[in-house]
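Structural characterization, general
Read off the chains here:
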Amino acid sequence: EYLRFTMLKQNVSTNVALDFICRALKVGENRFQYAGVKDKRGTTTQWVTMRYGKPSHLGKVAQERSTFARNIRFGDFEYVSEPHRLGALYGNRFGVILRELNRPDSEILDACKALEDHGFINFYGLQRFGKGEFGAKSCDVGREIFRGDFEKATRLLFTVSHNIDDNRCIETKNAFNAGDLDLAMQCIPNSMNAE
């Protein structure tokens with residue numbers, strides 16, 4: 001039922017790549033499943049499943065004449081019985097390659113030593129912080145978890161978002177925010193995006 005494939009992409013986020021594929025194939029995004037979002041910057045690979053997909057479908061995408069098509073590749077096709085699920089990851093591996101270092105060797109060695117001694121700032125994009133489309137930004141939720149204020153973190157998670165939440169999610173969040181936890185538990189759907 002599911003075509004599993006490896007998607008390689010360069011300088012395109014997972015969501016943008018899948019949006020492009022859906023538009024090229026004129027299919028809904030509910031046909032695709034993946035375990036996690038990969039960053040826009042860099043060259044990344046990940047498994048994706050497509051319900052009722054065929055390798056020839058993705059061949060059509062590769063023939064599109066656009067920057068996106070040039071920056072996305074597909075391979076390792078096989079049919080599987082289950083789709084990938086968001087969060088079902090064993091982990092990630094990263095390789096960092098520095099190119100075109102137009103600096104003296106001594107300066108590069110000093111920079112490597114500083115990196116070894118002091119670490120580096122780890123910059124993240126929407127993958128980690130989001131756009132606040134779930135009602136609260138994930139960095140704000142994370143800050144409260146880090147501070148140990150789990151009640152505030154939970155309240156942030158249960159902020160109503162009219163952009164994303166369906167009626168059942170809104171009903172659940174409204175009950176939670178009104179302090180009616182019994183009603184919230186009765187209303188809660190099987191799955192809620194951020195929560």
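First things first, this report covers the structure right here in the doc. As a convention, each chain's residues are numbered from 1 in the sequence order in which they are written. It should be noted that, the model being predicted, local features are given only for residues of pLDDT at least 70 and side-chain atom pairs only at 80 or more, the latter also being counted only at that level, while totals for whole chains, interfaces and linings use all residues. Each side-chain value is derived from all of the structure's non-hydrogen atoms; neither hydrogens nor water enter the calculation.

1. So, the sheet that holds strand 1 (residues 2-10)
In spatial order, the strands read 2-3-1-4; together these 4 strands make up an open sheet with antiparallel pairing. Edge positions in the open sheet fall to strand 2 (32-34) and strand 4 (72-80), since each of these has one partner strand only. If you compare each strand with its neighbour and ignore which way they point, the axes differ by 30 degrees on average. Paired strands are those between which DSSP finds at least two bridges. We count a stretch as a helix when DSSP gives it H or I for four or more residues in a row; a strand needs E for two or more, and each element gets its number in order from the N terminus. In the sheet, strand 1 pairs with strand 3 (residues 43-51) via 9 bridges, with the strands oriented antiparallel. Across the sheet, the residue bridging to Leu3 is Met50, located in strand 3. To obtain an axis, a line is fitted to C-alpha atoms, over the contacting stretch when the element is a helix, and the angle between two such axes runs from 0 to 180 degrees between their N-to-C directions.

2. Points about the packing of aromatic side chains
Think of it this way: a Phe, Tyr or Trp ring, Trp meaning its six-membered ring, pairs with another when their centres are within 6.5 Å, and the plane angle makes it stacked under 30 degrees, edge-to-face over 60, tilted otherwise. Summed over all chains, the structure comprises 3 aromatic pairs. Ring centres 5.6 Å apart and planes at 80 degrees place the aromatic pair Phe5 and Phe74 in the edge-to-face group. With a gap of 69 residues between them, Phe5 in strand 1 and Phe74 in strand 4 connect regions that are remote in the sequence. You'll find Phe5 and Phe74 in the same group, each marked buried. Geometrically, the ring pair formed by Phe5 and Phe77 is tilted, given 6.3 Å between the ring centres and 45 degrees between the ring planes. One end of the pair, Phe5, is in strand 1; the other, Phe77, is in strand 4, and 72 residues separate them in sequence. Only protein chains enter the accessibility calculation, which uses a 1.4 Å probe. A residue is then buried if its area is under 20% of the maximum for its type, exposed if over 50%, and partly exposed in between. Classification of Phe5 by relative accessible area gives buried; the value is 0%. We count a charge as sitting over a ring when the NZ of a lysine or the CZ of an arginine lies within 6 Å of the ring centre and within 35 degrees of the ring normal. We note Arg4 situated over the ring of Trp47; from NZ or CZ to the ring centre the distance is 4.0 Å.

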